[in-house]
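Working through the structure, step by step
Residue strings, one per chain:
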Amino acid sequence: MPAIESFWAVIPAGGAGTRLWPLSRSSSPKFLHDLTGTGRSLLQDTHDRLEPLVGERFVVVTGRPHREAVTAQLAALAPESVLAEPSPRDSMAAIGLAAAVLERQDPDAVMGSFAADHVIAHPDRFADAVRTAVEAARDDWLVTLGIEPTFPSSAFGYIHLGEELAGRPGARSVLEFVEKPSTEVAEGYLETGAYRWNAGMFVVRPRVLLDLLAQWHPDFAATLRTIAADLTRLDELWPDLPKIALDHAVAEPAAAAGRVVVVPASFGWDDIGDFDSLATLLEGDGKDVTVLGDDALVRTLDATGLVVPRSGRVVAVVGLDDVVVVDTPDALLVTTRAHAQRVKDVVAGLKDADRADLT
């Protein structure tokens, strides 16, 4: 199918992925890594998935320390397609900057924001959902993609589905966005069938997004538009922008005002939040131990789990179940899948100890 007319892909490429330390670091975050064994990084996979929908219409927003790596991995993009933030200001600033630039560049634009570090197993289903979302966005809705939950996760926010949208098959109103619930509450959500995971995927006209932002944060929207009008003022004005996620700044209040719709979808989505989810994603080859990297560097006996050999030395695991071993030249992680979420606490401790060289 041809690319969608006037549709732009915005890829926020940020975050350090601290739960994937020591593989992911602030200097080399997870979106720059091949975590699926395809030979392509998560960022490159995201680009490849979106290219049939947008052609060359990309805007990538990343931090200045990562601009060189991003442009190297996406060499086909024009340099002006990569916007570099002077400092992290959360997702509203990043996506809002792209919206402000596109508002001036293409008055007919519809933009879709898709994180650089997600994995999607069924790109065809994803493309169908995006096409449905774009058509709804042309009617000036803020549209999100709602992922069908596969288990009662307490790690994701949820979208409460409303009625079907008249004249737009496949789209429904959003009653509310719900913060990350307890597992017990999430179980109740799944039983109703009226909730979807919030993966932070938004499709909207740039003007609509900025006008919605202006309703609740007028100075924020005005500053983004000022920067887009003169990008030489980026360093001057960027530090004063609020640190707030798009969900909190726009999506939640807009949903309460009846301005948000959702396209419920199921396309095998994973955000690889930690090594447990990575191990689950990579399972399926029938082996007790999954290896991400060179199999010749791993020896196992009576063991199960995940091993990531990245130091060049041999890793041997004997008699351990559900283990996670990540071996890099300057740091070694040994944990279990059940404790994978706690890796972020190690990173926090290293930062407190002024070991920025390791984080």
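Structure's up top.
Let me sum up the structure you'll find in this document. It should be emphasised that the depicted structure is a prediction, and the values quoted were computed from it without experimental measurement. (Residues numbered from 1 in each chain as written. Predicted model: local features only at pLDDT ≥ 70, side-chain atom pairs only at ≥ 80, totals over all residues. Heavy atoms only, no water.)

Its location among the elements puts Ala245 in the loop between α8 (234-237) and α9 (246-256). Ala245 gets classed as buried once you look at its relative accessible area, which sits at 16%. For the pair Ala245 and Ala93, spaced 152 residues apart in the sequence, the C-alpha separation amounts to 8.0 Å. (Helix = DSSP H or I, 4+ residues; strand = E, 2+ residues; numbered from the N terminus. Buried < 20%, exposed > 50% of the residue type's maximum accessible area, 1.4 Å probe, protein only.)

Take helix α3 (residues 90-105) next. Here α3 is 16 residues long and its end C-alpha atoms lie 23 Å apart, about the 22 Å a rise of 1.5 Å per residue gives. Looking at α3, one finds that the buried residues are Met92, Ala93, Ala94, Ile95, Gly96, Leu97, Ala98, Ala99, Ala100, Val101 and Leu102. (Expected span 1.5 Å × (residues − 1).)

Taking every second residue as pointing to the same face, the buried face of strand β17 (residues 332-336) carries Leu333 and Thr335, while none of Leu332, Val334 and Thr336 on the other face is buried. Adjacent in sequence and paired antiparallel, strand β16 (residues 323-327) and β17 are bridged by four residues. (Pairing = 2+ DSSP bridges.)

A few words on unusual backbone geometry. Comment: phi is negative for the bulk of residues other than glycine, and the bulk of peptide bonds are trans. Going from Trp21 to Pro22, the amide bond is cis rather than trans, its omega being 5°. Here the phi dihedral of Ser6 falls at roughly 60°; this positive angle occurs in a residue that is not glycine. With respect to the helices and strands, the residue Ser6 is situated in the segment before β1 (7-13). Taking relative accessible area as the criterion, Ser6 reaches 16% and is therefore assigned buried. Not every positive phi belongs to a glycine, and Asp140 is a case in point at roughly 70°. Mapped onto the elements of the fold, Asp140 is located in the loop between α4 (123-137) and β6 (142-147).

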